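Listed here are the chains, written in short residue letters.
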Amino acid sequence: MATPSTTVPGAGSVAGSRSFLSRLRQGDEIARLITFLFAASVVLVTLLLVFELWRGSVLPRHKFGLAFFRTSVWDPIFDQFGALPFIFGTMVTSGIALIIAVPLGIGAAIFLAELAPQRLSDTLEFFIDLLAAVPSVIYGLLGVFIVIPLMREYIQPALKGALGFLAFFQGPAYGVGFLTAGIVLAIMVIPYIISVSREVLLSVPRDQREAALSLGSTRWESTWKVVVPFARTGIMGSIFLALARALGETMAVTMVIGNTPAISASLFSPGYSIAAVIANEFTEATGDLYLQSLIELGLVLFLLTFILNGLARLLILVTSKRGSGTALA
Amino acid sequence: MKRMASMVLLALGLTGVLLADSTLSINGAGATFPYPMYSKWFDEYHKKNPNLQINYQSIGSGGGIKQVTEGTVDFGASDGPMNDEQLKAFQGKHGGSGILHFPTVLGAVVPTYNIRKVTSSLKFTPEALAGIYLGKITNWNDPAITGPNKGISLPAADIVVVHRADGSGTTYCWTDYLSKISEEWKSKIGKGTSVNWPVNQLGGKGNEGVMGVVKQTPNSIGYVELIYAIQNNTPFGDVRNSSGEFVKASLAGVSAAAAGAANNMPDDFRVSITDAPGKTAYPISTFTWLLIPEKISDAAKRDAIKGFLHWMMTDGQNYAEGLAYAKLPPPVVAKETKAIAKIQ
Amino acid sequence: MNTHLRWRKFVSGFMLTMTGVCALVAVSVLFFILGYLVFHGGTSIGWNFFTKLPAPVGETGGGMANAILGSAKLLLLASLFGVPIGFFGAIYLAEFSGSTMAFIVRYAADLLNGVPSIVIGIFAYSLVVLPFKHFSTLAGGFALGLMMIPITLRGTEEFLRSVPNALREGAMALGASKWKTIATVIVPSAYRGILTAVLLAFARVAGETAPLLFTAFGNRFWSHGWNEPTASLPVMIFTYAISPYDDWHRQAWAAGLVLLGLILAINIVARAILSRGIAVPRS
């Protein structure tokens, strides 16, 4: 039963028979194998997803090539599909969302990280995290019944009156449209900006602040001119994360954007986003070219969020390494 | 941990057993146009046959055609009949066997609008409707609209045009009509369940979505099935028919539109009755069809569907008028009853 | 010089107050949402809502009983699929793997986490619905489960790693094999964090709508077994909210309140579990 020994296994001085050791290792081997299979399945399923997106969009990729991204005609009857209106809509709504959410988010993060006492900061952060957990469809619900009427009755006419000379604020006030979707998206992404920026700001070493204060700067000056720039890359990372979230948002957007593939300078115009058009037209896309064009849109969205998420994590990592070395997500 | 795992498995098994009882479930999807009718029918039929559930999801005619072709639902529903290409595609995916159209009821597509202080029915000429939807008539006080409506004060407001964002048989009927009465529409846009709409229009999902948008957006106009306008108490317009009469959508008007087709129904039941001749005919009327595959391999499902079709053409028709759909003309019913036998 | 200093001090006070305002605005949104849902949804929640099936279109008196059960079934499936993969995969990452494999798996998980939920829906449709020719609870559960994997994986891994090495070495020194160490020492000591990760993943997918649109589809009746389309709360909210019927709007509010209440409750419980545990590094 016992085979002649060749080498004694390394760490752990186990005074037992060889078979005990090999049993030990066997149990571990099985555990390692099983857990490896689970871990590998994550990789496999992700690869499969990318593969399916690629394979499922072969027709429009061959037929339209890069023109897919330049054309704005979306015509199922004549089999002409161009992604431009959806890319435009996605960009515009996300852009508006960031314009609103970034100042608000960074401001709130500064308050939470620099000013608020620990207990208050933690409590508020708790609530912000809860806000991040609210599902998209609930934002959509509120968007339909609160934001749209508000926009249509008050905000859009007011903007039109005050700033109507700008091309952005012209056109009839439908209530739905790019601006409305951008506002709803802004509310949805603020929590991400706040929580990540707050973490990043908290990780800035104390001596930075103290150095600035000891040189005679005001609280605000030390924050704005020293601490925030130090955490700049991480804050950028939070913005990218927020952007990635905004790009992929489906339900809230499709409930308030107007669902029309339009390209317009006016923010009051109804529009469409990539995610919204997929949600609306996927189950009914008769014809392979139609369906695969929608899948190609899904591929585009996937690539965009993939790049942004990657950049975001890189930036956040860089900042945290520069800081006290606390590892972030 | 182990105990929890086995408890979970037990619970799963139990729920699986408890819920997978003897109920037969049939799934269908498609048109939103007849959704109020179908949901009533399937509800009533379920009450009569508690072991049968017919689950119908209103995702639009385009969706109905697509999903029944893919085989993910047992039957489809559409108010735009499948064209030859789609029929071929179905055959291709089902080993050569085809799909049958069964008319269920008749309905009307009405132009419904939301203009402050205008609660009466506006009269629309075909040119006005085409112009509005082409984006050429942009204001409510345009002469093309105000002309036939002397006595009603229309505001000088921009028209908010609403269309279907999803693939829709209602769109098919609407664009079919517009193609018949407007050369410009026919060449520029054409007819179909999903068309390339002129810009600056709002999209709603389903008849419900369009109705919702119109209801909430002042100075808007949209096209919906009659019952949606009625159920939501929104005004809808009279449309001038090919004989020059302004007709308000009604059961009589729709039946009149179908009268000509009723006696000349093609064998596959695919027919268009828009802009039909006749003084009282409502010009934007349409049949709506259930799309049933010719070959249904599951015997229980096949019998259930056939049973439903028989009921639909007899007792079921009695529910139609209560929901503002017109009954099928008797010659059509007779022809359909014979066609049920084609389902194998 | 004095006035300049006063100006700087004024700016400082002003800007810092503004940051406070920003924080206040952000937090008050949450309470506004909750308040509005309670106000509108609270009045519509009734016995009907929880026990009745949907009524025919245009008629009142229906409920969302099937959607509530449907969501429960979907989430159960999602957890059964996503949690083991995330959990055991994390064990591999924390205890067994070399750094290259660990990097690859983490990268894949992050990628999966970032995939927009509508794209997950497309994937689940091509993989589960088309081949089986059926919209089903299975397909929906699969889609949601996919979304649970990354959160469970990363969270579990982090908390496993945070278990002090002393515990590991102690167990080894006593002669326990690796897997036994993991099962009896490491996992139990990290269980709070792991549970939190699982709960957060659960709460995340509980509200997802987009992936269900073309997987679980919808059902006006009870869904039997696992291979039929099923109604779910988020999809019902969507369908009813964009409809023109007031009764459906009221039901949408009620469903929104129930859904949000559930999600917030899970989030609060998850964080409470964590904070009451031993000090572990925040994510």
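Residues numbered from 1 in each chain as written. Chains lettered and ligands numbered in written order. Predicted model: local features only at pLDDT ≥ 70, side-chain atom pairs only at ≥ 80, totals over all residues.

## Notes on the overall build of chain C
So, step 1. Scanning chain C for helices and strands turns up eleven helices and zero strands.
So, step 2. Sequence-ordered secondary structure for chain C, helices as α and strands as β, is α-α-α-α-α-α-α-α-α-α-α.
So, step 3. In terms of C-alpha radius of gyration, chain C reaches 24 Å, well past the compact-globule figure of 19 Å for 283 residues.
So, step 4. Projecting the C-alpha coordinates of chain C onto the three principal axes gives extents of approximately 70 × 70 × 35 Å.
So, step 5. Relative to its full complement of 283 residues, chain C shows a buried share of 57%. (Helix = DSSP H or I, 4+ residues; strand = E, 2+ residues; numbered from the N terminus. Rg over C-alpha atoms; globule rule 2.2 N^0.38 Å. Buried ≥ 20, exposed ≤ 12 C-beta atoms within 10 Å, placed from the backbone.)

## Overview of the overall build of chain A
So, step 1. If you tally the helices and strands in chain A, you get twelve helices and two strands.
So, step 2. Along chain A, helices (α) and strands (β) appear in the sequence α-α-β-β-α-α-α-α-α-α-α-α-α-α when read from the amino end.
So, step 3. Considering chain A as a whole, with its 329 residues, one finds that 56% of them fall into the buried category.
So, step 4. Taking the contacts inside chain A whose residues are at least 6 apart along the sequence as the reference set, 75% of them involve residues at least 24 apart. (Contact = placed C-beta atoms within 7 Å.)

## What about the confidence of the model for chain A?
Residues and elements named next belong to chain A.
So, step 1. When pLDDT is averaged across chain A, the result is 85; 90% of the residues are at 70 or more.
So, step 2. Segment residues 1-18 is flagged for pLDDT under 50; beyond a separation of four residues in sequence, or across chains, it makes eleven contacts in the model.
So, step 3. Contacts from residues 324-329, a stretch scored under 50 in pLDDT, to residues over four places away or in other chains number ten contacts. (pLDDT = per-residue confidence, 0-100.)

## Quick word on the sheet that holds strand 2 (residues 52-58) of chain B
All names here are of chain B.
So, step 1. Across the sheet, which stays open at both edges, the eight strands sit in the order 2-1-3-11-4-8-6-7 with mixed pairing between neighbours. Looking at which strands have only one partner, the edges of the open sheet turn out to be strand 2 and strand 7 (201-204). Neighbouring strand axes in the sheet, compared pairwise and without regard to direction, differ in orientation by 25° on average.
So, step 2. Note that strand 4 (residues 99-114) and strand 8 (residues 220-225) share six bridges and pair antiparallel. The residue bridging N114 from the neighbouring strand is S220, located in strand 8.
So, step 3. The strands touched by helix 12 (residues 299-313) are strand 1 (24-30), strand 2, strand 3 (75-78), strand 4 and strand 11 (285-293); relative to strand 1, the strand with the most contacts, the crossing angle is about 60°. (Pairing = 2+ DSSP bridges. Axes fitted to C-alpha atoms, helices over the stretch in contact; angles between N-to-C directions.)

## Here's the deal with helix 6 (residues 137-161) of chain C
Residue and element names in this part refer to chain C.
So, step 1. Helix length check: helix 6 (25 residues) gives 35 Å between terminal C-alpha atoms against 36 Å at 1.5 Å per residue, within 8%.
So, step 2. The largest bend along helix 6 reaches roughly 30° and is located at M148, with the proline P150 sitting one to four residues downstream.
So, step 3. Along helix 6, 24 of the 25 residues are buried, which leaves the element largely enclosed by surrounding structure. (Expected span 1.5 Å × (residues − 1). Bend = angle between axes of the 7 residues up to and from the residue.)

## Overview of the nonpolar core
So, step 1. Among the nonpolar cores identified, the biggest contains 309 residues, and A:V189, A:I193, A:V256 and C:I237 are the most heavily contacted of them.
So, step 2. Split by domain, this core shows at least three residues from each of two domains, domain 1 (25-107 + 266-273 + 278-342) and domain 2 (109-247) of chain B.
So, step 3. Discounting chain neighbours no more than four positions away, the residues touching A:V189 are A:A97, A:A101, A:A242, A:R245 and A:A246. (Core = buried A, V, L, I, M, F, W, Y, C linked by C-beta atoms within 7 Å. Domains from an automatic or database assignment.)

## Some remarks on unusual backbone geometry
So, step 1. Its identity as a non-glycine residue notwithstanding, B:N219 has a phi of 65°, on the positive side.
So, step 2. By the element assignment, B:N219 lies in the loop between helix 9 (206-216) and strand 8.

## A short note on the interface of chain C and chain B
So, step 1. The interface of chain C with chain B comprises 21 residues on the first partner and 28 residues on the second.
So, step 2. Partitioned by chemical class, the residues of the side of chain C that touches chain B number eleven nonpolar, seven polar and three charged. (Nonpolar A, V, L, I, M, F, W, Y, C, P; charged D, E, K, R; others polar.)

## Quick word on helix 12 of chain B
All names here are of chain B.
So, step 1. The terminal C-alpha atoms of helix 12 lie 21 Å apart, and with 15 residues this matches the ideal 21 Å at 1.5 Å per residue to within 8%.
So, step 2. Every buried residue of helix 12 is listed here: A304, I305, F308, L309, M312 and M313. Buried residues of helix 12, viewed axially, fall in a sector of 160°; they line one side. In helix 12, the exposed positions angled more than 90 degrees off the buried face are occupied by A299 and A300. (Arc of directions from axis to C-beta.)

## What about the pairing of strand 3 of chain B?
All names here are of chain B.
So, step 1. Alternating positions in strand 3 separate into two faces, F75 and A77 on one and G76 and S78 on the other, with burial throughout.
So, step 2. Here three bridges tie strand 1 to strand 3, and the two strands are oriented parallel to one another. Bridging across to strand 3, G30 finds its partner in A77.
So, step 3. Looking at chain direction, strand 3 and strand 11 are connected through three bridges and run antiparallel. Of the residues in strand 11, the one forming a bridge with A77 is L290.

## Comments concerning the interface of chain C and chain A
So, step 1. Facing 73 residues of chain C, the contacting portion of chain A comprises 70 residues.
So, step 2. Its residues assigned to classes, the side of chain C that touches chain A shows 52 nonpolar, 15 polar and six charged.

## Overview of the sheet that holds strand 5 (residues 123-124) of chain B
All names here are of chain B.
So, step 1. Pairing is mixed in the open sheet, where three strands are placed in the order 5-9-10. Each having just a single partner strand, strand 5 and strand 10 (246-247) make up the two edges of the open sheet.
So, step 2. Pairing of strand 5 with strand 9 (residues 238-240), which is carried by two bridges, proceeds in the parallel orientation. Each bridged residue has a counterpart across the sheet, and for K123 the counterpart in strand 9 is D238.

## A look at the confidence of the model for chain C
So, step 1. Model confidence for chain C is summarised by a mean pLDDT of 88, while 97% of its residues fall at 70 or above.
So, step 2. For this predicted complex, the interface confidence score (ipTM) comes to 0.87, while the overall pTM stands at 0.86.

## A closer look at the packing of helix 6 of chain C against helix 8 (residues 178-206) of chain C
Residue and element names in this part refer to chain C.
So, step 1. Close contact between helix 6 and helix 8 brings their axes to 8 Å; oriented N to C, the two are set at 150°. Between helix 6 and helix 8, the interaxial angle falls into the category roughly antiparallel. The crossing of helix 6 and helix 8 is right-handed. Side by side, helix 6 and helix 8 meet where L144, M147, M148, I151, T152, G155, T156, F159 and L160 of the first sit next to I186, A190, G193, I194, T196, A197, V198, L200, A201, F202, R204 and V205 of the second.
So, step 2. Among the residues making up the contact of helix 6 with helix 8, the classes are represented as 15 nonpolar, five polar and one charged. (Parallel < 35°, antiparallel > 145°, perpendicular 65-115°, else oblique. Left-handed = near helix turned anticlockwise from the far one by under 90°.)

## Comments concerning the pairing of strand 7 of chain B
Each regular strand displays side chains that alternate between the two surfaces of the sheet.
Residues and elements named next belong to chain B.
So, step 1. By the alternation rule, side chains of strand 7 split into Q201 and G203 and L202 and G204, which are all buried.
So, step 2. Direction of pairing for strand 6 (residues 160-164) relative to strand 7: parallel, over a ladder of four bridges. Bridge pairing in strand 7 links R164 to G204.

## Regarding the environment of A:V58
All names here are of chain A.
So, step 1. Residue placement: V58 occurs in helix 2 (residues 58-64).
So, step 2. You can call V58 partly exposed: it has 13 C-beta atoms within 10 Å.
So, step 3. Considered as a pair, V58 and L289 are 231 residues apart in the sequence and their alpha carbons are 9.0 Å apart.

## Some thoughts on the packing of helix 3 (residues 84-115) of chain A against helix 1 (residues 2-42) of chain C
So, step 1. Where helix 3 of chain A contacts helix 1 of chain C, the two axes come as close as 7 Å, and the packing angle between them is 110°. In terms of orientation, helix 3 of chain A and helix 1 of chain C fall into the roughly perpendicular class. Between helix 3 of chain A and helix 1 of chain C, the residues in contact are A:L104, A:G107, A:A108, A:I110, A:F111, A:L112 and A:L115 and C:L16, C:M18, C:T19, C:G20, C:C22, C:A23, C:V25 and C:A26, respectively.
So, step 2. In terms of residue class, the contact of helix 3 of chain A with helix 1 of chain C is made up of twelve nonpolar, three polar and no charged.

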